[in-house]
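Spelled out from the first residue to the last, the chains are:
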Amino acid sequence: HVDIHRGLFASKNTTAATTAATNNSNNINWYDQLLSNVRWHRVKYKSSRFQKECTTPCYTAFYGGRAEYSPYIAIPQWFQPLIDEVNSHLGDHVQFNAFLLRLYFDGNDEIAWHTDGRTFLGEKPIIASLSLGCKATFEMRRMTNVWPCVNGGNNISSSNSTGNTKVAAAAAGVDASTPIQSFTLHDGDLLVMRGNTQKHWHHRVPKEKGRGVRLNINFRYVMPGQDAERGQMTYYKYMVFGDVPIDQEPLSWTYDEIVSRKGGIMNFVQKGVKCHDSKREQQQLATRKRKESSSCDSTNTTSSSGSSNEMDIQRYLACEQSVDREVFVSLPRDIREELVSQWKSLQNQQQSTTNTISTLLSSSNSKRNESIQHFASRKKTKKNKGTIDSFFVKKR
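Quick caveat, the model's predicted, so the values are computed rather than measured. (Residues numbered from 1 in each chain as written. Predicted model: local features only at pLDDT ≥ 70, side-chain atom pairs only at ≥ 80, totals over all residues. Heavy atoms only, no water.)

Q: Account for the overall build of the chain, naming residues and giving values.
A: For the chain, the count of helices and strands is 13 helices and twelve strands. Out of the 396 residues belonging to the chain, those deemed buried represent 43%. Sequence separation of 24 or more characterises 80% of the internal contacts of the chain that already satisfy a separation of 6 or more. Total accessible area on the chain stands at roughly 21,700 Å², and carbon and sulfur atoms take up 50% of it. (Helix = DSSP H or I, 4+ residues; strand = E, 2+ residues; numbered from the N terminus. Buried < 20%, exposed > 50% of the residue type's maximum accessible area, 1.4 Å probe, protein only. Contact = heavy atoms within 4.5 Å. Areas by Shrake-Rupley, 256 points an atom, 1.4 Å probe, with all protein chains shown as cover.)

What follows is the structure in structure tokens.
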């Protein structure tokens, strides 16, 4: 059983975000909150299953679980209002205490086929999954056996189950008779899996060329019991510590530090990295950019002192065609403002230089005209004098 609550926590300045604002009592931009406050891990560990060194395929973090077990990272104060809002939306009977956070920086980040089912989560766990930022594909495949997941790779699926792949799919526990279910999750969408979903289905977020920054928060409830301590330790191993001892500080980075490691935010924005759009949406975006571009020259002359931040952003996006709109709006607010501020400063410098050159040219032209007029006047005077002198000479 799967439900998708569309645009519930939309963070971008879109119609969906405006509509969803009534549901968000605190009106908090959770996309910006997470990128500003979370320290992310790229966990490394030796897989006992594959007998090799592995690295998680996206950036991760983890909060909560049961405080009586170790390791345990307390839920930050700034994060609690989001938990309260999700609980409130789903009903008082739903409670969460464990939170898996994932940062998909670009289309190369992914999570392979898996089930969220665990004994310490209960017989029929409720799993809530919140998407923020650029949209992404979420796929589900029906399984005849979710444990063990013989092959978590992306090549064994019901969509390509012909010939030998049917044998491979059956060996991996895939129900080849049921097509893969595919959903597009947008900014602010809350997907909820209930009932026997984890017993019969795997899910994944595949790699997608051109996908921009996406965040995912996975809400779970760790139940008390014999297996809970082991389960919680497993979460922290694969989301935070890896093979680093829990009494040591694991490597972590802020979002800004990750961007810096990737080559800088301007480099990232201008590489043409886009959120995953349909062809129709891409055409609409291209049309809108052309319209904005045509008005760029006229808006360029508007005084910046009288423009709002939103107007400055629109001018920036209209004039800087190398910057992708979808990637830009997915950036944290302070970075967006810094980019626009730098652009305005450069525009002012260029305008100042243009005005100076115009003034110099105008002054030069004026002096040149004065010289020409003065020369012409002197030549005319000399000519007149010669004519008068000749007149008197003739008279004598």
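Having seen the structure, we can now continue with the description.
Q: Can you tell me about the sheet that holds strand β5 (residues 98-104), naming the residues and giving the values?
A: Here six strands make up an open sheet; going across it, the order is β1-β10-β7-β12-β5-β4 and the pairing antiparallel. Edge positions in the sheet fall to β1 (2-5) and β4 (59-64), since each of these pairs with one other strand and no more. With strand direction ignored, the average angle separating the axes of adjacent strands in the sheet is 15 degrees. Where β4 meets β5, six bridges bridge the pair, whose relative direction is antiparallel. Note on β5: the bridge partner recorded for Y59 is L103. Packed on one face of the sheet, helix α2 (residues 30-37) meets β5, β7 (127-133) and β12 (214-220) and runs near 90 degrees to β12. In the packing of helix α3 (residues 80-90) onto the sheet, the strands contacted are β1, β5, β7, β10 (190-193) and β12, and the crossing angle to β10 comes to about 60 degrees. (Pairing = 2+ DSSP bridges. Axes fitted to C-alpha atoms, helices over the stretch in contact; angles between N-to-C directions.)

Q: Before we move on, can you summarise the nonpolar core with the specific residues and values?
A: W40, L101 and F219 are the most contacted members of the largest nonpolar core, which has 42 residues in total. Not counting residues up to four positions away in its chain, the partners in contact with F219 are L82, I83, V86, F96, A98, F99, I126, I127, A128 and L130. (Core = buried A, V, L, I, M, F, W, Y, C linked by side-chain atoms within 4.5 Å.)

Q: Tell me about helix α6 (residues 228-241), and please be specific about residues and values.
A: Here α6 is 14 residues long and its end C-alpha atoms lie 18 Å apart, about the 20 Å a rise of 1.5 Å per residue gives. Listed in full, the buried residues belonging to α6 are A228, G231, Q232, Y235, Y236, M239, V240 and F241. Taken together, the buried residues of α6 touch β4, β5 and β12. One or two residues past the end of α6 sits G242, with phi positive at roughly 65 degrees. (Expected span 1.5 Å × (residues − 1).)

Q: Give me the lowdown on helix α7 (residues 255-262), citing residues and values where you can.
A: Within the span of α7, buried status applies to Y255, I258 and V259. The arc that holds the buried residues of α7, viewed along the axis, is 100 degrees, so those residues lie on one side. Away from its buried face by more than 90 degrees, α7 exposes S260 and R261. (Arc of directions from axis to C-beta.)

Q: Residue-level account of the packing of aromatic side chains, with values.
A: This structure, assessed with the given rule, holds eleven aromatic pairs. Both rings, one in F62 and one in Y236, keep their centres 4.6 Å apart while their planes meet at 70 degrees; by these two values the pair is edge-to-face. Of this pair, F62 sits in strand β4 while Y236 sits in helix α6, placing them 174 residues apart in sequence. F62 sits in the buried class, given a relative accessible area of 1%. What makes Y236 buried here is its relative accessible area of 0%. Through successive ring pairs, a cluster of aromatic residues spans Y63, W78, F79, F96, F99 and F219. A cation over an aromatic ring shows up here: R42 above the ring of Y59, its NZ or CZ 4.5 Å from the ring centre. Taking the ring centre of W253 as reference, the NZ or CZ of R261 above it sits at 4.3 Å. (Phe/Tyr/Trp six-rings, centres within 6.5 Å; stacked < 30°, edge-to-face > 60°. Lys NZ or Arg CZ within 6 Å of the ring centre and 35° of its normal.)

Q: I'd love a proper account of the environment of G173, names of residues and values included.
A: Structurally, G173 can be placed in the loop between α4 (164-171) and β9 (181-185). Considering only alpha carbons, one finds G173 and V146, 27 residues apart in sequence, at a separation of 6.5 Å. Setting aside residues up to four positions removed in sequence, G173 forms contacts with M143, T144 and N145.

Q: Go over the confidence of the model for the chain, please, and point to the residues and values.
A: For the chain, the mean per-residue pLDDT works out to 77, and 66% of the residues sit at or above 70. Segment residues 390-396: pLDDT under 50, and zero contacts once partners within four positions in sequence are set aside and those in other chains are kept. (pLDDT = per-residue confidence, 0-100.)

Q: Please set out the environment of D3 residue by residue, giving values where relevant.
A: Position of D3 relative to the elements: it lies in strand β1. Taking the C-alpha atoms as reference points, D3 and V192, separated by 189 residues in sequence, lie 5.2 Å from one another. Those residues in contact with D3, other than ones at most four positions away along the chain, are L190, L191, V192 and R194. At 3.3 Å, the side chain of D3 forms a polar contact with the side chain of H1. (Polar contact = N/O pair within 3.5 Å; in protein donor to acceptor, adjacent residues only side chain to side chain.)

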